[in-house]
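What follows is each chain in one-letter form.
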Amino acid sequence: MNQSNHRKRSVRRERILELLRGTKEHPTAEWVYEKLKKEYTDVSLGTVYRNLRILVEDGLAQSIQGGKSLDHFDADTSPHHHITCLQCGRVTDAPVTVNEEVFKMIEQITGYQVLLPQISVSGLCPDCQRQNEKKSM
Ligand SMILES: [Zn+2]
Ligand SMILES: [Zn+2]
């Protein structure tokens, strides 16, 4: 019997998904935990992590590697591109169209089969750029 098909409905997991769907910020587990803690005082970060993993396994969310090697979560599971800030770790959608040829080339060069054709680039977000300018003045 496939366990994932018989997963118990969880009110907290549904709330976590709701929180994810309500933001474009690609939050970390810690962010979700801070929000959830206000509603369920006995919730632990471990529970949040576990439920986020289940949402990803069930295809209801995706995880993105953030700039500070923390996982960020996105309830938008359609393939789309991201840019991550190397300084503060935030993840932002980069709504551009990438030529499909790129993914074919990646398949040819690496021998992988591309399943999620999305690209992640990193850099410095506008806020961090401003902060760095202030520091150097
Ligand atoms: Zn930043
Ligand atoms: Zn996204």
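Anything mentioned here points back to the structure above.
Described below are features of the structure shown in this document. This structure is a prediction, so every number in the text was calculated from the model and none was measured. (Residues numbered from 1 in each chain as written. Chains lettered and ligands numbered in written order. Predicted model: local features only at pLDDT ≥ 70, side-chain atom pairs only at ≥ 80, totals over all residues.)

A sheet is described by the order of its strands in space; here 3 strands give the open sequence S4-S3-S5, paired in mixed fashion. Of all strands in the sheet, those bounded by a partner on one side alone are strand S4 (91-94) and strand S5 (120-123). Averaged over all adjacent pairs, the angle separating strand axes in this sheet is 30 degrees, with direction ignored. The pairing of strand S3 (residues 81-85) with S4 spans 4 bridges and is classified as antiparallel. Each bridged residue has a counterpart across the sheet, and for His82 the counterpart in S4 is Asp93. (Pairing = 2+ DSSP bridges. Helix = DSSP H or I, 4+ residues; strand = E, 2+ residues; numbered from the N terminus. Axes fitted to C-alpha atoms, helices over the stretch in contact; angles between N-to-C directions.)

As a packed pair, helix H1 (residues 11-21) and helix H2 (residues 29-37) sit with axes 11 Å apart at the nearest point and diverge in direction by 115 degrees. With respect to the hand of their crossing, H1 and H2 are arranged in right-handed fashion. Along the contact surface, H1 presents Arg15, Ile16 and Leu19, while H2 presents Val32, Lys35 and Leu36. Residues belonging to the contact of H1 with H2 are distributed by class as follows: 4 nonpolar, no polar and 2 charged. (Left-handed = near helix turned anticlockwise from the far one by under 90°. Contact = placed C-beta atoms within 7 Å. Nonpolar A, V, L, I, M, F, W, Y, C, P; charged D, E, K, R; others polar.)

Okay, the nonpolar core next. Residues Ile16, Leu17, Leu20, Ala29, Val32, Leu36, Val48, Leu52, Leu55, Ala61 and Phe73 constitute the largest nonpolar core, which totals 11 residues. Of all elements in the fold, only H1, H2 and helix H3 (45-57) reach the threshold of two or more residues within this core. (Core = buried A, V, L, I, M, F, W, Y, C linked by C-beta atoms within 7 Å. Buried ≥ 20, exposed ≤ 12 C-beta atoms within 10 Å, placed from the backbone.)

Our next topic: the pairing of S3. Between S3 and the antiparallel strand that follows it, S4, lie 5 residues; Gly89 among them carries a positive phi value of about 85 degrees. Where S3 and S5 come together, 4 bridges link them in parallel fashion. Residue pairing for S5: Cys85 is matched across the bridge by Gly123.

This brings us to H1. Of the residues making up H1, those classed as buried are Arg13, Ile16, Leu17 and Leu20. End-on, the buried residues of H1 take up no more than an arc of 100 degrees, which puts them together on one face. Exposed residues on H1 whose side chains face more than 90 degrees from its buried face are Val11 and Glu18. The elements touched by buried residues of H1 are H2, H3 and strand S2 (71-74). (Arc of directions from axis to C-beta.)

Between H2 and H3, the shortest axis-to-axis distance is 9 Å and the interhelical angle comes to 120 degrees. On the basis of their axis angle, the class for H2 and H3 is oblique. Viewed along their axes, H2 and H3 form a crossing whose handedness is right-handed. Contacts from Ala29, Glu30, Val32, Tyr33 and Leu36 in H2 reach Leu45, Val48, Tyr49 and Leu52 in H3. Of the residues assigned to the contact of H2 with H3, the class counts are 8 nonpolar, no polar and 1 charged. (Parallel < 35°, antiparallel > 145°, perpendicular 65-115°, else oblique.)

So yeah, pure geometry; function would need other evidence.
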